[in-house]
Amino acid sequence: MEWKVIRLTEVGSTNDYAREIAEDVPDGTVVVARRQTSGRGRKGRSWVSPEGGLWMTAILKPKSSPEHVPKLVFVGALAVTDTLAQYGIGGKIKWPNDVFVGERKIAGILSECKLNSFALLGIGLNVNNEVPEELRDGAVSMAELLGRKLDPNEVLERLLRSLSYWYSLFKSGRHGEILRSVRTRSAVIGKEVVILEDGEVILRGRAVGIDESGALLVDTGERVERVLYGDVSLRLP
């Protein structure tokens, strides 16, 4: 796929900027900013986005039925783990939208959509940016892991190449292949998890799989529950 990249020095949020132009640009338009002043993750959480990281949003217009659109978040997560692997970094997907290396977060994906119009796939990847002191126990950058700075344009190029592959599978309806890859790269399956909604624990158990809809399957010991959304708190066995 050929991507059309719009480069910005600074923006509040690449997702917000992309939403403003989405109706008027073609499928595959990508907004990239050197820094975001109001970056955000799921549920409106703040995402620290200083210069040195890769902050981008892809504007996608797949001809897909609404029930499959939420799986685009997996397309972004798989592209990130592919890119990390090319640098020798083993990333895992923390359902539904984060990528971790060990116990530390290196990337987050935010998908939003306007039904029958467009989808936004926001990706925030810590590349050369220095992780703030207060976040270092839970976050990491590629540069820290490798002990050197990387060429951000090369990282973007590799990410878009991987994104092309997974997005092509999505557009051709090969959702099963996407989900199988998510399962094999999962940081969650086999782990004890706590599911929270708005800060309140709603479920505890062992994550045992991801079903064909993309829902997390959690075995509580009494039954297997399908989790469609929520914040997942991991606990090591």
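Refer to the structure above for everything that follows.
Quantities reported herein were computed from a predicted structural model and do not represent experimental measurements. Counting from 1, residues in each chain are numbered in the order their sequence is written. Residues qualify for local features only when their pLDDT is at least 70, as the model is predicted, and side-chain atom pairs are given and counted only at 80 or more; totals for whole chains, interfaces and linings, by contrast, use all residues. Neither water nor hydrogens contribute to the side-chain values; these are computed over all heavy atoms in the structure.

1. Structural notes on the pairing of strand E10 (residues 216-219)
Operational definition: Whether two strands pair comes down to DSSP finding at least two bridges between them. Numbering of helices and strands runs from the N terminus, with a helix taken as a DSSP run of H or I at least four residues long and a strand as a DSSP run of E at least two residues long.
As judged from the four bridges shared by strand E9 (residues 200-210) and E10, these two strands associate in the antiparallel manner. Pairing of Gly209 across the sheet is with Leu217, part of E10. In this structure, the hairpin formed by E9 and E10 is closed by a connection of five residues, where Gly214 is found at a positive phi of approximately 95 degrees. Of the strand pairs in this sheet, E10 and strand E11 (residues 224-227) are connected by four bridges, and their pairing is antiparallel. Bridging from a neighbouring strand, Leu216 pairs with Val227 of E11. Hairpin geometry of E10 and E11 is characterised by an intervening segment of four residues between the two adjacent antiparallel strands and by a positive phi of about 100 degrees at Gly221.

2. Some details on the side chain of Thr83
Let me state the cut-off plainly: Here's how the labels work: a residue is buried when its accessible area is under 20% of the maximum for its type, exposed when over 50%, partly exposed in between, all with a 1.4 Å probe on protein chains only. In this description, contact between two residues means that some pair of their heavy atoms is separated by no more than 4.5 Å.
Locating Thr83 in the fold gives a position in helix H2 (residues 72-86). Residue class for Thr83 comes out buried when judged on its relative accessible area of 0%. In this structure Thr83 touches Val155, Arg158, Leu159 and Ser162, once residues within four positions along its chain are discounted.

3. Observations concerning the layout of surface pockets
Taking a probe equal in size to a water molecule and rolling it over the atoms shows the remaining empty space. To be explicit about the condition: Only protein atoms enter the calculation, which uses a 1 Å grid: trapped sets of points that fit a 1.4 Å probe without letting it out are cavities, open sets showing protein on both sides within 12 Å along at least five of seven lines are pockets, and any residue with an atom within 4 Å of a point is a lining residue. Grid points are joined across faces, edges and corners, and a volume is the space filled by probe spheres set on the points. The nonpolar class holds Ala, Val, Leu, Ile, Met, Phe, Trp, Tyr, Cys and Pro. Asp, Glu, Lys and Arg form the charged class, and all remaining residues, Gly among them, are polar.
Estimates place the volume of the second largest pocket at around 510 Å³. For the second largest pocket, the lining is made up of 26 residues, of which Pro70, Val73, Pro96, Ser111 and Leu228 are closest to its centre. Mapped by element, the contributors of at least two residues to the lining of the second largest pocket are H2, strand E6 (104-114) and strand E7 (118-125). Each residue belonging to the lining of the second largest pocket can be placed in one class, and the counts come to 17 nonpolar, five polar and four charged.

4. Let's talk about the side chain of Asn129
Inspection of the secondary structure puts Asn129 in the loop between E7 and helix H3 (142-146). Given a relative accessible area of 3%, Asn129 falls into the buried group. Leaving out residues up to four positions away in the same chain, Asn129 has contacts with Pro50, Glu51, Gly52, Gly53, Trp55 and Ser141.

5. Examining the pairing of E7
Among the eight residues that make up E7, eight are buried, leaving the element largely enclosed by the rest of the structure. Side chains of E7 alternate between two faces, with Phe118, Leu120, Gly122 and Gly124 and Ala119, Leu121, Ile123 and Leu125 buried alike. Sheet topology note: the strand E3 (residues 54-60)/E7 ladder contains seven bridges and is antiparallel. Pairing of Leu54 across the sheet is with Leu125, part of E7. For E6 and E7, the ladder comprises eight bridges, and the chain directions are antiparallel.

6. A few points about the packing of aromatic side chains
Selection rule: Centres within 6.5 Å make a pair out of two Phe, Tyr or Trp rings, where for Trp the six-membered ring is used; the pair is then stacked when the planes are under 30 degrees apart, edge-to-face when over 60, and tilted otherwise. A ring has a charge above it when a Lys NZ or an Arg CZ is no more than 6 Å from the ring centre and no more than 35 degrees off the ring normal.
Under the defined criterion, the tally for this structure stands at one aromatic pair. Residues Tyr165 and Trp166 carry aromatic rings whose centres are separated by 4.9 Å and whose planes lie at 75 degrees to one another, so their mutual orientation is edge-to-face. A cation sits over an aromatic face here: Arg158 above Tyr87, 4.7 Å from the ring centre.

7. Considering helix H4 (residues 152-171)
Applied cut-off: Between the first and last residue of a helix there are one fewer steps than residues, each counted as 1.5 Å, and that sum is the expected span.
With 20 residues, H4 extends 28 Å from end C-alpha to end C-alpha; this agrees with the ideal 28 Å at 1.5 Å per step. Along H4, the residues classified as buried are Val155, Leu156, Leu159, Leu160, Ser162, Leu163, Ser164, Trp166, Tyr167, Leu169 and Phe170. Looking one or two places after H4, you find Gly173, whose phi comes out positive at around 80 degrees.

8. Re H2
For H2, built from 15 residues, the straight-helix expectation of 21 Å at 1.5 Å per residue is met to within 8% by its first-to-last C-alpha distance of 22 Å. Of all the 15 residues making up H2, 13 are buried; the element is thus mostly covered by neighbouring parts of the structure. Where H2 ends, the next residue or the one after it, Gly88, has phi of about 80 degrees, a positive value.

9. Overview of unusual backbone geometry
Cis rather than trans, the peptide bond between Trp95 and Pro96 has omega equal to 0 degrees. Looking at the secondary structure, you find Pro96 in the loop between strand E4 (92-94) and strand E5 (98-101). One non-glycine residue with positive phi stands out, namely Asn116, at about 65 degrees. Here Asn116 is to be found in the loop between E6 and E7. Located in the positive-phi region is Asp198, a residue other than glycine, with phi close to 55 degrees. Tracing the backbone shows Asp198 in the loop between strand E8 (192-197) and E9. For Asp198, a relative accessible area of 65% translates into the label exposed.

These figures capture arrangement, not role.
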